[in-house]
Amino acid sequence: MSDNWTEEELKGAVEAYVQMHFDQANGISFVKKQIYSQLAERFGRTEKSFEYRMQNISYVYSLMGREWVSGLKPAKNVGSNNAAVIEKLISEAEGQNFPKVAEFETQVISYKSKKSLSKPDGIKEPAKIYTQVTNYSRDPKVKAWVLKEAAGICESCGSDAPFTTAEGEPFLEVHHLRRLADGGSDTVENAIALCPNCHREMHYGINKSTLVSSMYNKLTRLVVE
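Within each chain, residue numbers correspond to sequence positions counted from 1 in written order. Where totals are concerned, whole chains, interfaces and linings use all residues; where local detail is concerned, this predicted model gives features only for residues with pLDDT of at least 70, and gives and counts side-chain atom pairs only at 80 or more. Values reported for side chains reflect all heavy atoms of the structure, with hydrogen atoms and water molecules removed beforehand.

S.K.: Looking at this structure, how should I read the nonpolar core?
M.R.: Most often, soluble globular proteins have nonpolar side chains that are buried together. In this structure, Tyr17, Met54, Ile57 and Ile90 are the most contacted members of the largest nonpolar core, which totals 32 residues. Of all the secondary structure elements, the ones that give two or more residues to this core are helix H1 (7–25), helix H2 (32–43), helix H3 (47–63) and helix H4 (80–94). Throughout, a contact is declared for two residues whenever any of their heavy atoms are within 4.5 Å. Apart from residues no more than four positions distant in its own chain, Tyr17 is found in contact with Met54, Ile57, Ser58, Tyr61, Trp68, Val69 and Leu72. Residues belong to one nonpolar core when they are buried, are Ala, Val, Leu, Ile, Met, Phe, Trp, Tyr or Cys, and are joined through side-chain atoms within 4.5 Å. For each residue, the accessible area found with a 1.4 Å probe, counting protein chains only, is set against the maximum for its type, and the residue is called buried under 20%, exposed over 50%, and partly exposed in between. Listed in part, the 22 residues of the second largest apolar core include Val146, Ala150, Leu177 and Ala193. Counting from the N terminus, the helices are the DSSP runs of H or I reaching at least four residues and the strands are the DSSP runs of E reaching at least two.

See the structure below:
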């Protein structure tokens, strides 16, 4: 993210993106080109520059394990510092405190891309960092019902749970198809039981939108929110 974008410009772009994200999740129509035009007039940049910046924001959403706005394929060249700023602005715009992952993950990706990487010393005694994170009240009966319904079988891939817990239960994770952070409900109509691999893919996989759609077709109890 070059061209010396100010935090005010980034904030304007993020706030517009968050609104589009909300509208998309709630079936409210919008025209992206009109939004780019309004931002361009407000800040004196081209519509194309804001469209590309939105793709950078999509990339940060993907690092957070969240769905991005349709048609705004993530663009990776964000940089760890700008990713951290965008992540902070998303949290502020949505009024939530999310775990800070974008800055760390962009640094990991940057190091992985190097032709050679010497063995790091690491941190012998990692410092504790206390942060405030937004959590949601959940109904334990919903999780219990979904896990009982799955009976130890991943509802996505159909594989057995990968291991048995200390309580003697098959280990599956419960995933909300519409995330609670995006206004989803904590109900059995919005929750599925997944093996850890499928759960991670639902958050970070390149085909996660297709996977989510397939679950609605596969399980009759699910209701699109």
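From this point, things continue past the structure.
S.K.: Would you take a moment to explain the packing of H1 against H3 for this structure?
M.R.: Only the contacting stretch of a helix is used when fitting its axis, a line to C-alpha atoms as for every element, and angles between N-to-C directions run 0 to 180 degrees. At a minimum axis distance of 10 Å, the contact between H1 and H3 shows a crossing angle of 70°. Looking at the two axes, H1 sits roughly perpendicular to H3. Between H1 and H3 the crossing geometry is right-handed. On H3, the residues touching Glu9, Leu10, Ala13, Val14, Ala16, Tyr17, Val18, Met20 and His21 of H1 are Phe50, Arg53, Met54, Ile57, Ser58 and Tyr61. Taken together, the residues that form the contact of H1 with H3 break down as eleven nonpolar, two polar and two charged. Small angles under 35 degrees read as roughly parallel and large ones over 145 as roughly antiparallel, with 65 to 115 read as roughly perpendicular and the rest as oblique. Crossing handedness: left-handed means the near helix sits turned counterclockwise from the far one by under a right angle, and right-handed means the same turn made clockwise. Think of it as three bins: nonpolar holds Ala, Val, Leu, Ile, Met, Phe, Trp, Tyr, Cys and Pro, charged holds Asp, Glu, Lys and Arg, and polar takes everything else, Gly as well.

S.K.: Hey, could you run me through the packing of aromatic side chains in this one?
M.R.: Working definition: an aromatic ring pair is given by the centre-to-centre distance plus the angle between the planes. Centres within 6.5 Å make a pair out of two Phe, Tyr or Trp rings, where for Trp the six-membered ring is used; the pair is then stacked when the planes are under 30 degrees apart, edge-to-face when over 60, and tilted otherwise. For the structure shown, the criterion picks out four aromatic pairs. For the ring pair Tyr17 and Tyr61, a centre distance of 5.1 Å and an interplane angle of 35° mean the geometry is tilted. Taken together, the residues Tyr17 in helix H1 and Tyr61 in helix H3 connect sequence positions 44 residues apart. Note on accessibility: Tyr17 and Tyr61 belong to one class, buried. Each ring, one from Phe43 and one from Phe50, has its centre 6.1 Å from the other, and the planes form 35°; the classification is tilted. Taken together through their ring pairs, the aromatic side chains of Trp5, Phe43 and Phe50 make up a single cluster.

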